Amino acid sequence: SVKEVDFVFVAPTDLSSDVGLHGQIRHPDVVDMIDEAGRAIRAAGVSSGMLALTGDDYVFWRNRGFEVMAGVATNMFIDGATSLLHAARAHEITAARDGIATSIDDKGNRNGGATKS
């Protein structure tokens, strides 16, 4: 235990590569090693940190006792943009199918299909 250390981050991608399972951070052997490291870190009185690329990752590792989660901004941006695009596409497809006007001209009138009351 080092007084100045608040948490120890387990690098799952590095660990998986070191054991010949590059990028397979959910491989059972890798998860076992990560769990073992997390237990040892917490037993030393230090918080354990882990990588969470998705909401599922967050829940998975929190349920295993990891306390500090690190994300990757690129993943967050891509996931957020993808979610927005899927929602927009679904809305536009539904609106076109149902004949709902989806645009408004400069006078505030709906255009692009029959309006429903």
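See above for the structure.
Residues numbered from 1 in each chain as written. Predicted model: local features only at pLDDT ≥ 70, side-chain atom pairs only at ≥ 80, totals over all residues. Heavy atoms only, no water.

Attention now moves to the overall build of the chain. Looking only at helices and strands, the chain features 4 helices and 5 strands. In the chain, the order of α-helices and β-strands from amino to carboxyl end is β-α-α-β-α-β-α-β-β. Within the span of the chain, comprising 117 residues, buried residues form 19% of the whole. A separation threshold of at least 6 residues defines the contact pool for the chain, and within that pool the share at least 24 residues apart is 35%. (Helix = DSSP H or I, 4+ residues; strand = E, 2+ residues; numbered from the N terminus. Buried < 20%, exposed > 50% of the residue type's maximum accessible area, 1.4 Å probe, protein only. Contact = heavy atoms within 4.5 Å.)

Below, the discussion takes up the pattern of salt bridges. Here the structure, examined in full by the defined rule, presents 3 salt bridges. Salt-bridge contacts for Asp35 lead to Arg64; the nearest nitrogen and oxygen are separated by 3.0 Å. In this pair, Asp35 is assigned in helix 2 (residues 28-43) and Arg64 in the loop between helix 3 (55-62) and strand 3 (68-70), connecting sequence segments 29 residues apart. (Salt bridge = Lys/Arg side-chain N within 4 Å of Asp/Glu carboxyl O.)

Moving on: the sheet that holds strand 1 (residues 7-9). Spatially, 3 strands are ordered 1-2-3 in an open sheet, and the strand pairing comes out parallel. This sheet does not close on itself; its edge strands, each paired only once, are strand 1 and strand 3. Direction aside, the axes of adjacent strands within the sheet are offset by 25° on average. As paired elements, strand 2 (residues 47-51) and strand 3 share 3 bridges and run parallel to each other. (Pairing = 2+ DSSP bridges. Axes fitted to C-alpha atoms, helices over the stretch in contact; angles between N-to-C directions.)

Moving on to the packing of aromatic side chains. The geometry of an aromatic ring pair is captured by two quantities: the separation of the ring centres and the angle between the planes. Overall, the coordinates contain 2 aromatic pairs when judged by the stated rule. For the ring pair Phe60 and Trp61, a centre distance of 4.7 Å and an interplane angle of 85° mean the geometry is edge-to-face. The class for Trp61 is buried, based on a relative accessible area of 0%. With 5.7 Å between their ring centres and 90° between their planes, Trp61 and Phe66 make a pair best called edge-to-face. There is no split in this pair, since Trp61 and Phe66 are both buried. The structure contains a cluster of three or more aromatic residues connected by ring pairs, namely Phe60, Trp61 and Phe66. Across the ring face of Phe60, the terminal group of Arg26 is positioned such that the distance to the ring centre comes to 3.8 Å. The ring of Phe66 carries the charged tip of Arg42 above its face, separated from the ring centre by 5.2 Å. (Phe/Tyr/Trp six-rings, centres within 6.5 Å; stacked < 30°, edge-to-face > 60°. Lys NZ or Arg CZ within 6 Å of the ring centre and 35° of its normal.)

Let us look at the nonpolar core. Grouped together as the largest cluster of nonpolar side chains are 11 residues: Val10, Leu21, Val30, Val31, Ile34, Ile41, Val46, Met50, Leu51, Trp61 and Phe66. Counting residues per element, the ones that place at least two in this core are helix 2 and strand 2. Examining the composition of this core, we find that 4 residues originate from one element, helix 2, more than from any other. With near-sequence residues (within four places) excluded, Ile41 lies in contact with Val8, Val10, Val46, Ser47 and Ser48. (Core = buried A, V, L, I, M, F, W, Y, C linked by side-chain atoms within 4.5 Å.)

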